[in-house]
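Chain by chain, the residues:
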Amino acid sequence: MYIIMNSNDSTIIRNIDVSLARAFIATVETGGMTSAARLLNLTQGAVSQQIKRLEELLGKQLFDRSRRELTLTVDGERLLVHARRLITLNDEVWGLMNEPEFEGEIRFGVPRDLVRPFIPPVLRGFHDAWPRVHIDLVCDMTRLLRERMAEGSLDVMLLTEHSTPAHALRLMTDELVWIGSQDGRIHEEHPLPVATTSSICSFTATRVGALERVGRDWRTVGPVGDHDALLATVEAGIALSALLRSTVPDHLRILGADEGLPPLPQFHVNLYTRSDARSPVVERFAEHVRDQFARRFVSRPDIDRRAS
């Protein structure tokens, strides 16, 4: 905080240190000060002190600390949008003065189940720094994204795969888990109803193989359409399905051995960049995606809590 007073002390101008606003936003977006510290390359104590300084400066309590998980107070909600605007303007000015003036288009392929849990902050951060770059987000299944990359219609893509090829970069590893409705008993049915969006979904063969190895009879529900339709089907208690643990919505339940279901293997989220037509802006975007995953999502506390 900076305070400027004139000669007769009648006017006080208070300036908010952008780093305090950045600590506030990082805490909100990652769900805790430990995750925010990782994102900002600070210690947890430093982030805690920055939040405290911001609250003292504004004279408002921004987080409700009476619960296990940090939640915003009414004043915190009011600050959120304006703090984002403050950071965006700061980053735009910094990028204008210190980074190349990238412009153009990037075609970014992402599996449908990864889009909502991971992609919004990745896109927002890149857009804030390089607003003249248009990102065409292509959402599809892993097999179809791989085909699009091979034909040259994608520049960068994420895939969920059992292994990581030499020409790809592993961003994170996560466990495939069974999911069902919060209070449903669908896992007791025989044959077991399992929902899928497509026979070529990368998780379909894995689910079927696990059930067949333990001799569990099953039947397919679907294809149900898109990813949202799959989640609705599971939430309605009509069928089970499987997702990466870190992408399971809070309103669904993770199932396992207690429900008589076999374990499922791990998958890797891999980053691919088109090798035959690389450009500086594509390279910069790929670096941004890699950095955001490393800072935001690897060993994220909410993932760790679900694993325990």
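What counts, and at which threshold
Residues numbered from 1 in each chain as written. Predicted model: local features only at pLDDT ≥ 70, side-chain atom pairs only at ≥ 80, totals over all residues. Heavy atoms only, no water. Phe/Tyr/Trp six-rings, centres within 6.5 Å; stacked < 30°, edge-to-face > 60°. Helix = DSSP H or I, 4+ residues; strand = E, 2+ residues; numbered from the N terminus. Buried < 20%, exposed > 50% of the residue type's maximum accessible area, 1.4 Å probe, protein only. pLDDT = per-residue confidence, 0-100. Contact = heavy atoms within 4.5 Å. Expected span 1.5 Å × (residues − 1). Axes fitted to C-alpha atoms, helices over the stretch in contact; angles between N-to-C directions. Parallel < 35°, antiparallel > 145°, perpendicular 65-115°, else oblique. Left-handed = near helix turned anticlockwise from the far one by under 90°. Nonpolar A, V, L, I, M, F, W, Y, C, P; charged D, E, K, R; others polar. Core = buried A, V, L, I, M, F, W, Y, C linked by side-chain atoms within 4.5 Å. Arc of directions from axis to C-beta. Salt bridge = Lys/Arg side-chain N within 4 Å of Asp/Glu carboxyl O.

1. Some details on the packing of aromatic side chains
In total, this model carries eight aromatic pairs according to the counting rule given. Summarising the aromatic geometry, the rings of F24 and F63 are spaced 5.6 Å apart at their centres and angled 55 degrees between planes, so their arrangement reads as tilted. In this pair, F24 sits in helix α1 (residues 18–30) while F63 sits in strand β3 (residues 63–64), placing the two residues 39 residues apart along the sequence. A relative accessible area of 0% places F24 in the buried class.

2. Section: the confidence of the model for the protein chain
Per-residue confidence for the protein chain gives a mean pLDDT of 87, with 90% of residues at or over 70. A low-confidence stretch, residues 1–7 stays under pLDDT 50, and its non-local contacts, those more than four residues away or across chains, total 17 contacts. Counting contacts from residues 300–308, a segment whose pLDDT is below 50, to residues more than four positions away or on other chains yields 18 contacts.

3. Considering unusual backbone geometry
The amide bond that connects H190 to the next residue, P191, takes the cis arrangement and shows omega of -5 degrees. Mapped onto the fold, P191 is located in the loop between β8 (169–181) and β9 (192–195). Cis rather than trans, the peptide bond between G222 and P223 has omega equal to 10 degrees. Its location among the elements puts P223 in the loop between β10 (218–221) and α8 (227–235). In the Ramachandran plot, N41 falls in the positive-phi region, its phi being about 60 degrees despite a non-glycine side chain. In this structure N41 comes out as exposed when scored by relative accessible area, which is 55%.

4. Comments concerning helix α5 (residues 112–129)
Two residues of an α-helix separated by three or four positions point the same way, owing to the 3.6 residues in each turn. Between its first and last C-alpha atoms α5 spans 25 Å; for 18 residues at 1.5 Å apiece the expected length is 26 Å, and the two agree. D113, L114, V115, F118, I119, P121, V122, F126 and D128 are the residues of α5 that are buried.

5. A word on the packing of α5 against helix α9 (residues 280–296)
Relative orientation of the contacting elements α5 and α9 amounts to 130 degrees, with a least axis distance of 10 Å. As far as their axial angle goes, α9 and α5 are oblique. Taken as a pair, α5 and α9 cross one another with a handedness that is right-handed. Across the interface between the two elements, F118, P121, V122, L123, G125 and F126 from α5 touch V281, R284, F285, H288, V289, Q292, F293 and R296 from α9. Of the residues that constitute the contact of α5 with α9, the class distribution is nine nonpolar, three polar and two charged.

6. Topic: the nonpolar core
Ranked by internal contacts, the top residues of the largest apolar core, which has 43 residues, are F108, L158, V289 and F293. Leave out the neighbours within four places in its chain, and V289 touches F108, V122, L158, L171 and L271. In terms of nonpolar packing, the next biggest core, distinct from the first, is built from 21 residues, A26, M33, A37 and I87 among them.

7. Description of α9
Compared with the 24 Å implied by 1.5 Å per residue over 17 residues, the 24 Å span of α9 between its first and last C-alpha is a close match. For α9, the complete set of buried residues consists of V281, V282, F285, A286, H288, V289, Q292, F293 and R296. Within α9, the buried residues cover an arc of 155 degrees as seen down the axis, which keeps them to one side.

8. A word on the pattern of salt bridges
This structure, assessed with the given rule, holds 16 salt bridges. Of the charged contacts, one joins R107 and D155 as a salt bridge, the two residues approaching to 3.1 Å between their closest N and O atoms. Of this pair, R107 sits in strand β5 (residues 104–111) while D155 sits in the loop between α6 (142–150) and β7 (156–161); the two residues are 48 residues apart in sequence, bridging distant segments of the chain. Given a relative accessible area of 6%, D155 falls into the buried group. Among the ionic pairs, R219 bridges to E189, the shortest N-O distance being 4.0 Å.

9. Some thoughts on the packing of helix α2 (residues 33–40) against α9
Relative orientation of the contacting elements α2 and α9 amounts to 150 degrees, with a least axis distance of 8 Å. Of the two possible hands of crossing, α2 and α9 adopt the one that is right-handed. Where α2 approaches α9, its residues S35, R38, L39 and L40 are matched on the opposing element by A294, R295 and R296. Residues of the contact of α2 with α9, tallied by class, amount to three nonpolar, one polar and three charged.

10. Regarding the side chain of D140
Mapped onto the secondary structure, D140 falls in strand β6 (residues 133–140). Look at D140 and you get buried, because its relative accessible area is 9%.

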